[in-house]
Amino acid sequence: MKLGVKLMLSFLSVIAILLILSGVAIKNLDAMNSRVNEIDSTWLPAVITVQTMNIQINAVRADLAAIMSQNYADEIRKYETRIQQSLQILQENREKFLTLMQSLPGGISKQDKELIERIDALSAEADEIRETLVKGILNGRRGMAVSNFDGKYRPVFEKMAEAYGELLSRNVNGSQQAAGGASSIGEQARATSLILAGAGL
């Protein structure tokens, strides 16, 4: 084979390897960008919304506990207003969380959906108990209200807090998995580039 032909084939081989390297790099960069965008636009906001909801259920519990010690209707109404504000923030973040989860490629997971349904059921139960407690305080039945706060409201609250904790843990894990996926793609890209570069040599 003539020297000129050999040089031409070598040159074409180098170009082919460079093209393959460029293609692999572009594909991996797109995949990494997709994972990073998923973390920024979905997982981190989802973690924040769950943390916000968790803060608000504790705020509701604290305000309800404060009502248990109040003697004046005006003060009780003040705390009730604060509770309603917290519940509004809870509802807004619940909707935001569902929207974020639906934006994922596979949509909201079965486990997250079941957790939200459990939280909704517990929230409805807690609302009913809370309304009864406030009425009891307003009607002068403080002893019964305090007893029901400990015996009825507290167990429901603890189950609700546990469900929120599980939801938070799942979303933190989802964020970590997405970050790990992006890192894995980077390592695969590096290994592929080294192999192709070695083949070119």
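A few points on the structure. Given the structure is predicted, the values throughout are model-derived calculations rather than measurements.

Criteria and cut-off values
- Residues numbered from 1 in each chain as written.
- Predicted model: local features only at pLDDT ≥ 70, side-chain atom pairs only at ≥ 80, totals over all residues.
- Heavy atoms only, no water.
- Helix = DSSP H or I, 4+ residues; strand = E, 2+ residues; numbered from the N terminus.
- Expected span 1.5 Å × (residues − 1).
- Buried < 20%, exposed > 50% of the residue type's maximum accessible area, 1.4 Å probe, protein only.
- Contact = heavy atoms within 4.5 Å.
- Phe/Tyr/Trp six-rings, centres within 6.5 Å; stacked < 30°, edge-to-face > 60°.
- Polar contact = N/O pair within 3.5 Å; in protein donor to acceptor, adjacent residues only side chain to side chain.

## Notes on helix H2 (residues 73–102)
Okay, so step 1: Compared with the 44 Å implied by 1.5 Å per residue over 30 residues, the 43 Å span of H2 between its first and last C-alpha is a close match.
Okay, so step 2: Those residues of H2 lying buried are Ile76, Tyr79, Ile83, Ser86, Leu90, Asn93, Arg94, Phe97, Leu100 and Met101.

## Remarks on the environment of valine 47
Okay, so step 1: Inspection of the secondary structure assignment puts valine 47 in helix H1 (residues 3–67).
Okay, so step 2: Taking relative accessible area as the criterion, valine 47 reaches 10% and is therefore assigned buried.
Okay, so step 3: On a C-alpha basis, the gap between valine 47 and arginine 170 in space is 9.1 Å, while along the polypeptide they are 123 residues apart.
Okay, so step 4: When residues no more than four places from it in sequence are discounted, the contact partners of valine 47 are Leu168, Asn171 and Val172.

## What to know about the packing of aromatic side chains
Aromatic rings in a pair are described by how distant their centres are and how their planes are angled relative to each other.
Okay, so step 1: A full pass over the atoms with the stated rule returns 2 aromatic pairs.
Okay, so step 2: The interplanar angle of 20° and the centroid separation of 5.5 Å between the aromatic rings of phenylalanine 149 and tyrosine 153 together place this pair among those described as stacked. Here phenylalanine 149 pairs with tyrosine 153, and both are found in helix H4 (residues 142–200), just 4 residues apart, close to one helical turn. For the pair phenylalanine 149 and tyrosine 153, a shared accessibility class is recorded, and that class is buried.
Okay, so step 3: Here tyrosine 153 and phenylalanine 157 contribute two aromatic rings whose centre-to-centre distance is 6.4 Å and whose plane-to-plane angle is 20°, an arrangement assigned as stacked. Here tyrosine 153 pairs with phenylalanine 157, and both are found in helix H4, just 4 residues apart, close to one helical turn. The pair tyrosine 153 / phenylalanine 157 is uniform in exposure class, with both members buried.
Okay, so step 4: Through a chain of ring-to-ring contacts, the aromatic side chains of Phe149, Tyr153 and Phe157 assemble into a single cluster.

## Side note on helix H3 (residues 110–138)
Along an α-helix, residues three or four apart share an orientation, since each turn contains 3.6 residues.
Okay, so step 1: Here H3 contains 29 residues, and its C-alpha end-to-end distance of 42 Å stays within 8% of the 42 Å for a straight helix at 1.5 Å per residue.
Okay, so step 2: Remark: glycine 140 follows H3 within two positions and exhibits a positive phi of approximately 85°.

## Quick word on the side chain of arginine 94
Okay, so step 1: Mapped onto the elements of the fold, arginine 94 is located in helix H2.
Okay, so step 2: Polar contacts involving the side chain of arginine 94 include one to the side chain of aspartate 120, which spans 2.8 Å.
Okay, so step 3: Setting aside chain neighbours within four positions, we find arginine 94 in contact with Met53, Ile116 and Asp120.

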